[in-house]
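Coordinates in review
Read off the chains here:
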Amino acid sequence: DELTAAMLGNLLQNANIPAICLPLEAENGTLDTLRPERNDIICVSALPPFALLSARSITRKLREKHPDISIIVGLWRTADEDADYQERLRKALNVEVVTSLAGAVDAITEFCNARSPIYRR
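Residues numbered from 1 in each chain as written. Predicted model: local features only at pLDDT ≥ 70, side-chain atom pairs only at ≥ 80, totals over all residues. Heavy atoms only, no water.

Okay, the overall build of the chain next. In terms of helices and strands, the chain carries five helices and three strands. Secondary structure elements of the chain, listed N to C terminal, follow the sequence α-α-β-α-β-α-β-α. Expressed as a percentage of the 121 residues in the chain, the buried residues total 38%. For the chain, the share of sequence-separated contacts (at least 6 apart) that also reach a separation of at least 24 residues comes to 64%. With the model as given, the accessible surface of the chain reaches about 7500 Å², and the carbon-plus-sulfur share is 53%. (Helix = DSSP H or I, 4+ residues; strand = E, 2+ residues; numbered from the N terminus. Buried < 20%, exposed > 50% of the residue type's maximum accessible area, 1.4 Å probe, protein only. Contact = heavy atoms within 4.5 Å. Areas by Shrake-Rupley, 256 points an atom, 1.4 Å probe, with all protein chains shown as cover.)

Below, the structure written as structure tokens:
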């Protein structure tokens, strides 16, 4: 999960989108001090099958604490696997779910372009 998140952070930096990666230990306290700004996007990285419940729990906590922040959940697997779970996660927590790094970069770029004229190309 952390390696994939770091790879995503690198891809975003290359696309001129600032990114900060927090380690897995962040769940134990850093998430409570997280203060995202209005146009920030939080991406939760999860490598199934073991990380699904943890990602859902973290995402639920983030959504409760930050109802207006855009959240993307990266379930790093093929798009066909667990499509039903992905749709339930989208609806239950009002998040975008992506299954590839390219999909994550596209979704984050789209959010940035829609919300902030700084990133519009």
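Strand order in the open sheet formed by three strands is 1-2-3, with parallel pairing between adjacent strands. Each end of this open sheet is capped by a strand with a single partner; those strands are strand 1 (41-46) and strand 3 (96-98). Between one strand axis and the next, the sheet turns by 20° as a mean value, whatever way the strands run. (Pairing = 2+ DSSP bridges. Axes fitted to C-alpha atoms, helices over the stretch in contact; angles between N-to-C directions.)

Attention now moves to the pattern of salt bridges. Under the definition given, this model contains two salt bridges. In this structure, Asp84 and Arg88 form a salt bridge, with 2.9 Å as the shortest nitrogen-oxygen distance. Placement of the pair is Asp84 and Arg88 together in helix 4 (residues 83-93), with a separation of four residues, close to one helical turn. With a relative accessible area of 49%, Arg88 lands in the partly exposed category. Between Glu87 and Arg90 there is a salt bridge, with its nearest N and O atoms 3.5 Å apart. Within this pair, Glu87 and its partner Arg90 are both found in helix 4, separated by three residues, close to a single helical turn. (Salt bridge = Lys/Arg side-chain N within 4 Å of Asp/Glu carboxyl O.)

With that settled, the discussion passes to the state of the cysteines. Taken as a whole, this structure holds zero disulfides when the rule is applied. Left without a disulfide partner, Cys21 is nearest to the cysteine sulfur of Cys43, which lies 8.8 Å away. Exposure remark for Cys21: the relative accessible area of 41% places this residue in the partly exposed category. (Disulfide = S-S within 2.5 Å.)

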